[in-house]
Amino acid sequence: MGLLAFSLVTIYHHRRKISETIYEWSPIFEKVVIIGMVVFIGGLAAYDYSYKAFNSPFAHIDYIFSYHSQLRFNCSEFELPLRCTVVENNGNRVTVNLPLSWISPISPFAAAPYFLATATSGDRVWHPIAYYGIYSPYWWTTVLVIIYSFYYMVKSSGGDPAQTFVFTWLLAGYGPYFIIAHLLQRYVYTFYFLPALLAVALGLSVILSGDKFSRMVLYGVALVQLAWFFIYFPVKSDTHIHILELLNLPR
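These numbers were taken from a predicted model, which means no experiment stands behind them. (Residues numbered from 1 in each chain as written. Predicted model: local features only at pLDDT ≥ 70, side-chain atom pairs only at ≥ 80, totals over all residues. Heavy atoms only, no water.)

Asker: Can you help me understand helix α7 (residues 194-207) in this one?
Answerer: For an α-helix, 3.6 residues make a turn, and residues three or four places apart therefore share a direction. Compared with an ideal rise of 1.5 Å per residue, which puts 14 residues at 20 Å, α7 spans 20 Å between its outermost C-alpha atoms and is within 8% of the ideal. All buried positions along α7 are accounted for by Ala196, Leu197, Ala199, Val200, Gly203, Leu204 and Ile207. The buried residues of α7 all sit within an arc of 160° when viewed along its axis, so they share a single face. (Helix = DSSP H or I, 4+ residues; strand = E, 2+ residues; numbered from the N terminus. Expected span 1.5 Å × (residues − 1). Buried < 20%, exposed > 50% of the residue type's maximum accessible area, 1.4 Å probe, protein only. Arc of directions from axis to C-beta.)

Here it is as structure tokens:
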């Protein structure tokens, strides 16, 4: 969808007329949608027939829609726009992290422990295997990238291909989750944001590729990312654990 939006804006930049833009863009839309559907259904068919998961790819698609239609929530307590609390029938309280919490440096979402292996020795506790669902600091630059890319896309009327590409990618890869979560009240998960991170990285690199100071900031962000990667690397050796202990970091 991001590439379709990018091609639409790019064609409009050259044509300047909505009717001519739609006329030229329509074949692109048709080819992308048709080829995409063929690949999607063909892939599901190969999977279903190989593993006998479903009788047909259409039965599989029906299951997907039926399953996701049940993933709804009703907020009992609000902490908008970042999150809300859902009280389930059994009394359990579940925190729903809304899309803005994924990129907010203020009150970011808590790390989700997907799989933890715990080891102990006296009072010492550590996790040699720890898979978390967690943000990283460069997620917090998303708003900057969105504003910057949107400004230059509008300023150039779609004539700046890099900024137009970044903005349309983020719009298609991140924007829909606000509708899904806030209007449709369906669960969204932080890993949905992963495809959009490539656009954030590209946009941030473009923003900070100018003068020497900007490049130093970019290198600083990269170093912070490497440190974050070291701290939350999922499978840790004894040496890794000892270094984290010395630095009083999560382990």
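Structure's up, so let's keep going.
Asker: Sorry, what's going on with unusual backbone geometry here?
Answerer: Most of the time, phi is negative for any residue but glycine, and the peptide bond is trans. One non-glycine residue, glutamine 185, lies in positive phi territory at about 50°. The topology assignment puts glutamine 185 in the loop between α6 (176-183) and α7.

Asker: Help me understand the pattern of salt bridges in this model?
Answerer: Pairing between side chains becomes possible if they bear opposite charge and their charged atoms approach one another. Inspection of the entire model under this criterion finds four salt bridges. With its nearest N and O atoms 3.1 Å apart, the salt bridge here joins glutamate 79 to arginine 83. In this structure arginine 83 comes out as buried when scored by relative accessible area, which is 9%. When salt bridges with common partners are traced through the structure, they connect Arg124, Glu245 and Arg251 into a single cluster. (Salt bridge = Lys/Arg side-chain N within 4 Å of Asp/Glu carboxyl O.)

Asker: Explanation requested: the packing of helix α2 (residues 18-51) against helix α3 (residues 57-69) in the structure shown.
Answerer: Packed helices, taken two at a time, are described by the angle their axes make and the gap between the axes. Remark: α2 packs on α3, axes separated minimally by 8 Å, with the N-to-C direction vectors making an angle of 100°. In terms of axis orientation, α2 runs roughly perpendicular to α3. For the pair α2 and α3, contact is made by Phe40, Ile41, Leu44, Ala45, Tyr47, Asp48 and Tyr49 and by Pro57, Phe58, His60 and Ile61, respectively. Looking at side-chain class alone, the contact of α2 with α3 contains nine nonpolar, one polar and one charged residues. (Axes fitted to C-alpha atoms, helices over the stretch in contact; angles between N-to-C directions. Parallel < 35°, antiparallel > 145°, perpendicular 65-115°, else oblique. Contact = heavy atoms within 4.5 Å. Nonpolar A, V, L, I, M, F, W, Y, C, P; charged D, E, K, R; others polar.)

Asker: Is there a simple way to think about the state of the cysteines in this case?
Answerer: Under the criterion given, the structure shown has one disulfide. Through a disulfide, cysteine 75 is tied to cysteine 84; the S-S separation comes to 2.0 Å. In this structure, the disulfide formed by cysteine 75 and cysteine 84 twists by about -50° around the S-S bond and is classed as left-handed. We note that cysteine 75, like cysteine 84, is buried. (Disulfide = S-S within 2.5 Å.)

Asker: What is the right way to read the sheet that holds strand β3 (residues 93-97) from this model?
Answerer: In any sheet, the strands associate via hydrogen bonds between backbone groups, in a parallel or an antiparallel arrangement. Ordered by their spatial adjacency, three strands build an open sheet running β1-β2-β3, and the pairing between neighbours is antiparallel. The open sheet has two edge strands with one neighbour each: β1 (77-79) and β3. Pairs of neighbouring strands in the sheet enclose a mean axial angle of 20°, with direction left out of account. (Pairing = 2+ DSSP bridges.)

Asker: I'm lost on the nonpolar core in this one. Help?
Answerer: Buried together is how nonpolar side chains tend to be arranged in soluble globular proteins. Residues Phe73, Val96, Trp102, Trp139, Val145, Leu170 and Phe193 are the most contacted members of the largest nonpolar core, which totals 30 residues. Going through the elements one at a time, β2 (83-87), α5 (161-173) and α7 are the ones with two or more residues in this core. Of the residues forming this core, the biggest block, six residues, is contributed by α7. Contacts of leucine 170, omitting those with residues within four sequence positions, involve Val145, Ile146, Gly175, Ala196, Ala199 and Val200. (Core = buried A, V, L, I, M, F, W, Y, C linked by side-chain atoms within 4.5 Å.)

Asker: In this structure, what is going on with the packing of aromatic side chains? I would like to understand it.
Answerer: Any aromatic ring pair is given by two values, namely how distant the centres are and how the planes are angled relative to each other. Applying the stated rule across the entire model yields 26 aromatic pairs. Centroid distance tyrosine 63 to tyrosine 67: 6.1 Å. Interplanar angle 20°. Geometry classified as stacked. Highlighted residues: tyrosine 63 and tyrosine 67, both in helix α3, separated by four residues, approximately one helical turn. Overall, the relative accessible area of 43% leaves tyrosine 63 in the partly exposed class. For the pair phenylalanine 165 and tryptophan 169, a centre-to-centre distance of 5.3 Å together with 65° between the ring planes defines the contact as edge-to-face. Residue phenylalanine 165 and its partner tryptophan 169 are located together in helix α5, separated by four residues, close to a single helical turn. You can call phenylalanine 165 partly exposed: its relative accessible area is 23%. One Lys or Arg, arginine 124, reaches over the ring of tryptophan 126 and ends 4.0 Å from the middle of that ring. (Phe/Tyr/Trp six-rings, centres within 6.5 Å; stacked < 30°, edge-to-face > 60°. Lys NZ or Arg CZ within 6 Å of the ring centre and 35° of its normal.)

Asker: Would you take a moment to explain the pairing of strand β4 (residues 112-121) for this structure?
Answerer: The two faces of a sheet get side chains in turn, since along a regular strand they alternate between them. Bridge count between β4 and strand β5 (residues 124-133): eight bridges; the pairing is antiparallel. When the bridges of β5 are listed, serine 121 appears paired with arginine 124.

Asker: Help me understand a nonpolar patch on the surface, please; the structure alone is not making it clear to me.
Answerer: Nonpolar side chains collect at one region of the surface, where Tyr114, Phe115, Tyr131, Tyr189, Phe191, Leu194, Phe229, Phe233 and Val235 lie side by side and expose about 910 Å² of accessible area between them. Tracing the backbone shows tyrosine 114 in strand β4. (Patch = residues over 30% accessible without salt bridge, like charges linked within 9 Å, V, L, I, M, F, W, Y side chains within 5 Å. Areas by Shrake-Rupley, 256 points an atom, 1.4 Å probe, with all protein chains shown as cover.)

Asker: Could you clarify how one ought to interpret the packing of helix α4 (residues 142-155) against α5 in this entry?
Answerer: Between α4 and α5, the least distance of the axes is 8 Å, while the angle of their chain directions is 125°. Considering the angle they form, α4 stands oblique to α5. Here α4 runs over α5; the crossing is left-handed. The residues of α5 that touch α4, namely those facing Val145, Ile146, Tyr148, Ser149, Phe150, Tyr152 and Met153, are Gln163, Thr164, Val166, Phe167 and Leu170. Split into classes, the residues belonging to the contact of α4 with α5 amount to nine nonpolar, three polar and no charged. (Left-handed = near helix turned anticlockwise from the far one by under 90°.)

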